[in-house]
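# Coordinate analysis (summary)
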Amino acid sequence: MRRELHHFRNNRELFVLSLPGIVYKLIFAYLPMVGLIIAFKNYRYDLGMFGSKWVGLENFRYLFSTDAAWRITRNTVLYNAAYILTTAAAALLLAILLNEVKAKWSKYYQTALFLPYFLSWVLVGYVAYAFLNHSDGFINRTLEAFGMEPISWYQNAGPWPVILILVQLWKAVGFNTLIYFAGIIGINGEYYEAAKIDGATKRQMAMKITIPLLAPLVIIMLILSIGNMFRGDFGLHYFIPNNSGFLYGSTDIIDTYVYRALREVGNVSMSAATGFYQSVVGFILVLLANGIVRKINPDHSLW
Amino acid sequence: MTKTTKPSQIGLHLLFTVLSLIVILPFLLVVAVSLTDEKAITQNGYQFFPKSISLDAYRYMLDAPDILLRAYGVTITVTVIGALAGLLLTAMTAYVISRPDYRYNRITTFYVFFTMLFSGGLVPSYILMTQYLHLKDSLLALILPVLLSPFNIMVMKGFMSKIPIEIIESAKIDGAREFRIFFRIILPLSTPALATLGLLISFTYWNEWFNGMLYIDNPNKVPLQLLLVRTLKSIDFLTSNSEFTQQLGIDLASFPNNSARMAIAVLAGGPMLVIFPFFQRFFVKGLTVGSLKG
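These numbers were taken from a predicted model, which means no experiment stands behind them.

With 71 residues of chain A at the interface, the matching set in chain B holds 74 residues. No other element matches the 17 residues that helix H1 (residues 2-34) of chain A contributes to the side of chain A that touches chain B. Residue composition of the side of chain A that touches chain B, grouped by class: 48 nonpolar, 18 polar and five charged.

Here the UniProt feature "domain: ABC transmembrane type-1" (unreviewed entry) sits at residues 73-289 of chain A. Structurally, residues 73-289 of chain A comprises 75% helix and 0% strand, and the distance from its first C-alpha atom to its last is 18 Å.

Cross-referencing UniProt, the feature "transmembrane region" (unreviewed entry) maps to residues 12-35, 71-97, 109-127, 139-160, 181-206 and 262-284 of chain B in the present numbering. Note that residues 262-284 of chain B is 83% helix and 0% strand, and that its end C-alpha atoms are spaced 30 Å apart.

This part covers the nonpolar core. Val124(A), Tyr126(A), Val30(B), Tyr95(B), Met156(B), Leu228(B) and Ala265(B) are the most contacted members of the largest nonpolar core, which totals 117 residues. For Leu228(B), the contacting residues outside a window of four places in its chain are Val122(A), Leu123(A), Ile264(B), Ala265(B) and Ala268(B).

All names here are of chain A. Within the secondary structure, tyrosine 180 sits in helix H8 (residues 160-185). Judged by the 24 C-beta atoms lying within 10 Å of it, tyrosine 180 is buried. Each C-alpha atom, one on tyrosine 180 and one on arginine 61, is 45 Å from the other, the two residues being 119 residues apart in sequence. Aside from chain neighbours lying at most four places away, what touches tyrosine 180 is Ala91, Leu92, Ala95 and Leu214.

The next subject is the domain arrangement of chain B. All names here are of chain B. Taken domain by domain, chain B holds domain 1 (2-64 + 241-284) and domain 2 (66-216). Computed from C-alpha atoms alone, the centre-to-centre distance between domain 1 and domain 2 is 36 Å. Across the side of domain 1 that touches domain 2, the residue classes tally to seven nonpolar, no polar and no charged.

One can describe the packing of helix H13 (residues 254-265) of chain A onto helix H6 (residues 122-132) of chain B by two numbers: an axis separation of 10 Å at closest approach and a directional angle of 35°. As for how H13(A) packs across H6(B), the hand of that crossing is right-handed. Between H13(A) and H6(B), the residues in contact are Val258(A), Tyr259(A) and Leu262(A) and Leu122(B), Val123(B) and Tyr126(B), respectively. Split by residue class, the contact of H13(A) with H6(B) holds six nonpolar, no polar and no charged.

Turning our attention to the domain arrangement of chain A. Residue and element names in this part refer to chain A. Taken as a whole, chain A is organised into domain 1 (2-53) and domain 2 (67-300). Relative to domain 2, the C-alpha centre of domain 1 lies at a distance of 34 Å. Per-class residue counts for the side of domain 1 that touches domain 2 are four nonpolar, one polar and one charged.

Right, let's get into the environment of Ala272(A). All names here are of chain A. Considering the arrangement of structural elements, one finds alanine 272 in helix H14 (residues 268-296). With 29 C-beta atoms counted inside 10 Å, the residue alanine 272 sits in the buried group. In this structure, the C-alpha to C-alpha distance between alanine 272 and phenylalanine 40, residues 232 residues apart in sequence, is 8.5 Å.

Thresholds, definitions, all that
- Residues numbered from 1 in each chain as written.
- Chains lettered and ligands numbered in written order.
- Predicted model: local features only at pLDDT ≥ 70, side-chain atom pairs only at ≥ 80, totals over all residues.
- Contact = placed C-beta atoms within 7 Å.
- Helix = DSSP H or I, 4+ residues; strand = E, 2+ residues; numbered from the N terminus.
- Nonpolar A, V, L, I, M, F, W, Y, C, P; charged D, E, K, R; others polar.
- UniProt positions renumbered as here; feature names shortened; annotations may be inferred.
- Core = buried A, V, L, I, M, F, W, Y, C linked by C-beta atoms within 7 Å.
- Buried ≥ 20, exposed ≤ 12 C-beta atoms within 10 Å, placed from the backbone.
- Domains from an automatic or database assignment.
- Axes fitted to C-alpha atoms, helices over the stretch in contact; angles between N-to-C directions.
- Left-handed = near helix turned anticlockwise from the far one by under 90°.

This is the structure in structure tokens:
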């Protein structure tokens, strides 16, 4: 004890430097973890977190008795899987192709593709609205011009998986392309020089040098993203479908459901139970993903 | 060499030109609608090449600029304060865990890193902010929740670990205290990382709408992105109830409803879309560094 006190004295200045960050995390990250107990209570604003009555697993029993639980779980996981795969495939392909374009031009293309990354989902919501709006939207007016029936996009759940995947790809592909592009540039130029001397074609170089050397990075990133499968993209699923109730079947994810339960329906306990479910399963997935990566290559694991 | 690549070069340029157009054209549609005469919208819908151009939407916005200016004021205040405070906190925390000789180095790292893996989620945070800290309708509610990201700490730590420990040791021999070392030596040496992260944090604050949706009701404290959220919702209301407004005899056609709202989107989102691309390389640098273990 005495010795530890002595050690602490030697380290106290650094400790003080880290104190603001520690206190911040205590209040804004660790206190809310204690707040997870709300999921097991019948929360009432007037009684507060500790005064509200315990109800055991009641909230969960109710949650999993509804169709919503299955729907939001399925949507969250499947959409994330689709986003991860489409974005990775498209970005990898574009990065390899971009590497073949002269640097001067490639810069312009990079900037253009990167542009949507700078927009918030709210603004992308406006862009989507300009296309999908029922009476004046560009798509419906174009359909009419060709003598086809307009489609009520915001009331018709069918096409939304495709719409969301395309919008996500549109916003994310440029950024991911640049990440892979940076990876390709990092590959030692001597490999390509040697291949050139041996008379290899561009395609052969891509297949035999670029892809194999990038593969570990890509695979690791894919596995790590399993850890995020339970965390949905709220902005994408809230603003692009414009929070339209007709579309919940194919657009609602855990995050939008939790938000609506809290702010629009006002069912705090239900929202808390859903959030608890998301936190816990999400945590298990992160542990799992990291475990797999560690088995394959410990250098790339998160810890 | 170059001879054989020519036809494929043309193909590549064609592909990337088309892709760039697919990315950029949607923005131009929004701009075009904001410049379209309201009557032309009712007649022809949203078009890339409006039949009759009108600046009414912008005139209407600039006649009553208070809402937009106030929203810019809120967003700029939050961004500047949040970025400065967040950057300082990030650097302090990162520096401490980057020091291999710090006794509580591992436990502090774990303490920070764990918050990346597990979180209390929305409801507990919401109740903490509103019921215990009473931050509803406070600008602090826009600043505090995103002040210190563990991800940024790890990026910063990765950078600071590369500062040779000899520099710190020799400063200590000269009698410098830890605070002095941090502020006088470490911070100046970290300017490249500080610039990159400062930009990332500013960007986060500028584009933040979620905390606004949760905590801000007071119209005087609405940041830009929340103004956009509210406008988007009201478009939805007016257009989905167009029969209702027609019955009431409200002439939607004379009010620049569609174009004004798209004009808000242009005025609120446009400036950043022009500025941020200049800092593109910082974004890539900041995030590729972060994807590696620090």
